[in-house]
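# Structural features, examined
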Amino acid sequence: MPLVTRVTDLIGRTPLFELAATATGTRLLLKLEQFNPTGAAKIRMAREMVLDAERRGLLRSGGHIIESTSGNTGLGLAVVAAERGYRFTAVVDHHACKDKLRAMRAMGAELVFVADEGDDNLATSAREDLAEAMAAERDDAYFTEQHNNDANAVGYYPVAEELLEDVDRVDILLSAVGTGGSLFGTATRLRQLGCTPHVIGVEPVGSIAFGGPGGPYWQSGTGTPPGATIGTAVDYSLLDEGVKVTDVAAFATARAVAAELGLMIGGSAGGSVYAALTRLEEFAPGSTVVTIVCDGGEKYLDTVFDDEWMNERDLLDPGTEREIALLLRRFTPAARNTLVEAR
């Protein structure tokens, strides 16, 4: 890698990891976005939203960025704001992982909570309402409004370009849907480049983007909770399937991947990997299946990877963890088996 002078110069060119392969040649590849600065994909769209606002004259020198965030978007905006000389206020709730909140503060962000200490309910709608109101009160402020900002999806166009540099084609693109930017931005750019994958969106049970009853869920940074507006980046015209995964299955998968392979992925990525692994043999032989892993698991050591936290919420399921571990062993890629045998 060449010498760089800004943290945002380190965005992109994240690795592609072969997690699983079937006897018929279908492969499950993970785009490991935790290798971006801040350990998450969302710094890609955070940068693009700020650059877009500058180009359109919506954000002036020394201005004030305001955003509602569950953590990763806020981390990205904190980096971009620090680099470009902006003040940044993150409107948050206590549902967000503590390490994300601590990291935003460390990078100079101001945190404004919409709920009292001890209230760890997801409060997406309340956060967005407050962020919009705060921005309206300040002449120098800009509400990036990630759920309804076209630059969100555009920020993920390079993901598609990077994928096609590493593989000949993407047959199935399967990933978590929160704002929708990562999945549908990547799918849009793949189509522009002549690749038309089968697009499968994954959301938590309790999220409302793909229909069905709404309810609470613990998967962080993904889904659309009841009462929240489905973002404009969720492009149903590109969606071939929308599936739901329980918190129990998503978190069991993240824990099993960590225990089996030493790879830490976030809870929402666990949901996507669960959806892919449990139907991997249903895909056409020789398919290339790609899942965007939007962040790593290191931020969830006090939640997804903490037995006490999991038990308190009835989320711990050793049986499902064993089932996923067996699938991982069954679908171990030949190259990985060769390495083990060589030892």
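Check the secondary structure of the chain and you find twelve helices and ten strands. A compact globule built from 343 residues should have a C-alpha radius of gyration of about 20 Å, and the chain, at 19 Å, falls within 12% of that. Scored against the burial criterion, the 343 residues of the chain give a buried share of 57%. Of the contacts made within the chain by residues no fewer than 6 positions apart, 71% connect residues no fewer than 24 positions apart. Put simply, the chain shows about 14200 Å² of open surface, and 49% of that area lies on carbon and sulfur atoms. Where the 31 positive side-chain charges of the chain centre and where its 49 negative ones centre are 4 Å apart.

The next thing to look at is the packing of aromatic side chains. All told, the structure shown has one aromatic pair when counted by the stated rule. Consider the rings of Trp218 and Trp309, whose centres lie 5.4 Å apart with planes at 80°: the pair is edge-to-face. Within this pair, whereas Trp218 is found in the loop between strand S8 (198-204) and strand S9 (241-245), its partner Trp309 is found in helix H10 (residues 307-312), the two being separated by 91 residues in sequence. Across from the ring centre of Trp218, 4.9 Å away, lies the NZ or CZ of Arg313, which sits over that ring.

With mixed pairing, the six strands of this open sheet are ordered in space as S1-S2-S10-S7-S8-S9. Looking at strand neighbours, the two that pair on one side only are strand S1 (16-21) and S9, the edges of this open sheet. On average, adjacent strands in this sheet sit at an angle of 25° to one another, irrespective of strand direction. Alignment of S1 against strand S2 (residues 27-32), held across five bridges, turns out to be antiparallel. From the neighbouring strand, Ala20 faces S2, where its bridge partner is Leu28. Helix-sheet contacts for helix H6 (residues 157-166) involve S1, S2 and strand S10 (288-293), and the interaxial angle to S2 is about 135°. Relative to S9, helix H8 (residues 247-261) is tilted by about 80°, and along the sheet it contacts S1, S8 and S9.

Positionally, His64 belongs in strand S3 (residues 64-68). For His64, a relative accessible area of 1% corresponds to the buried category. Not counting residues up to four positions away in its chain, the partners in contact with His64 are Leu59, Arg87, Phe88, Thr89, Arg138, Asp140, Ala141 and Tyr142.

About the cut-offs
Residues numbered from 1 in each chain as written. Predicted model: local features only at pLDDT ≥ 70, side-chain atom pairs only at ≥ 80, totals over all residues. Heavy atoms only, no water. Helix = DSSP H or I, 4+ residues; strand = E, 2+ residues; numbered from the N terminus. Rg over C-alpha atoms; globule rule 2.2 N^0.38 Å. Buried < 20%, exposed > 50% of the residue type's maximum accessible area, 1.4 Å probe, protein only. Contact = heavy atoms within 4.5 Å. Areas by Shrake-Rupley, 256 points an atom, 1.4 Å probe, with all protein chains shown as cover. Lys, Arg positive; Asp, Glu negative; His and termini not counted. Charge placed at Lys NZ, Arg CZ, Asp CG, Glu CD. Phe/Tyr/Trp six-rings, centres within 6.5 Å; stacked < 30°, edge-to-face > 60°. Lys NZ or Arg CZ within 6 Å of the ring centre and 35° of its normal. Pairing = 2+ DSSP bridges. Axes fitted to C-alpha atoms, helices over the stretch in contact; angles between N-to-C directions.

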